[in-house]
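Structural description and commentary
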Amino acid sequence: RTLGARGTATGLALSVAANGKVAVAGSVTGALQTGETIADPALTDSFVSLYDAKGDEMWTQRRAARADDQATAIAFGGDGSVYVAGQAKSAVTGASAVGGQDNYLMGFSPTGTAKFSTQFGTAATDRVGGLLVDGTSLVVAGTEDGHGVLRRFDLAPGGGVTAAGTRDLGDLQGGVITGLALDGGELVVAGSTRNG
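Residues numbered from 1 in each chain as written. Predicted model: local features only at pLDDT ≥ 70, side-chain atom pairs only at ≥ 80, totals over all residues. Heavy atoms only, no water.

**Some points on the sheet that holds strand β8 (residues 114–120)**
Applied cut-off: DSSP-based pairing: two strands are paired if at least 2 bridges between them are found. Runs of H or I in DSSP of at least four residues are treated as helices and runs of E of at least two as strands, each being numbered from the N terminus. Angular values range over 0 to 180 degrees, each being the angle between N-to-C directions of two axes fitted as lines to C-alpha atoms, with helices fitted over their stretch in contact.
On the basis of which strands lie adjacent, the open sheet formed by four strands has the order β5-β6-β7-β8 and antiparallel pairing. Each edge of the open sheet carries a strand with a single partner, namely β5 (69–76) and β8. Ignoring which end each strand starts from, the neighbouring axes of this sheet average 20 degrees apart. As paired elements, β5 and strand β6 (residues 82–88) share seven bridges and run antiparallel to each other. Each residue of the ladder has a partner; that of D69, found in β6, is A88.

**Remarks on empty space enclosed by the protein**
Cut-off, in case you're wondering: A pocket here means an open set of points on a 1 Å grid, computed over the protein atoms alone, that has protein on both sides within 12 Å along at least five of seven lines. A cavity is instead a set of points where a 1.4 Å probe fits but cannot get out; residues with an atom within 4 Å of a point line either one. Grid points are joined across faces, edges and corners, and a volume is the space filled by probe spheres set on the points. Residue polarity is assigned by list, with Asp, Glu, Lys and Arg as charged and Ala, Val, Leu, Ile, Met, Phe, Trp, Tyr, Cys and Pro as nonpolar; anything else, Gly included, falls into the polar class.
Using the criterion set out here, one finds one cavity of 30 Å³ or more in the structure. Each pocket or cavity is described by its volume, and for the largest cavity that value is around 40 Å³. Contributing to the lining of the largest cavity are S46, F47, V48, Q61, R63, A71, V84, Y104, M106 and F108. Sorting the residues of the lining of the largest cavity by element identifies β3 (45–51), β4 (57–63) and β7 (102–108) as the ones contributing at least two each. Partitioned by chemical class, the residues of the lining of the largest cavity number seven nonpolar, two polar and one charged.

In structure tokens form, the structure reads like this:
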């Protein structure tokens, strides 16, 4: 399948559900779909597309901040919901900017309806490096103002999300978090650091 744009489209994250559905997320400049109106075709926006097990597109969502943004991590929930995380240089729809380049987290229903969006991080440059779903919790791993940081969010029954905990892994001294996985109930974090 080809997912293109009038400008550029870059896939930055991929997730496959147990039922074979495939979710792709990334960044796009210019129109992504025919007839789409773009506020500023020179800026990058986040997108997520969902395909069924046969490869047919089910839905595509474009989410834009006023400045550049991109989706860099994606995961499926047990009910088929799709969760996307990334970074934005201004407030994303439904959230408030912290400053600098913030991290964000968004949730979509199995049919593509936006459920929530939240923004977090520091006033410096932040970057998401991993996202996973653990029951009714989401865990986001990333780099915030040079530190490796894990954040847990709890999913509310009504479809929202609540910040539930943060762990600072320390100054990465120029390194970054690049991956996150769950192994037997334990979190595994991958990345690089110059800090011993």
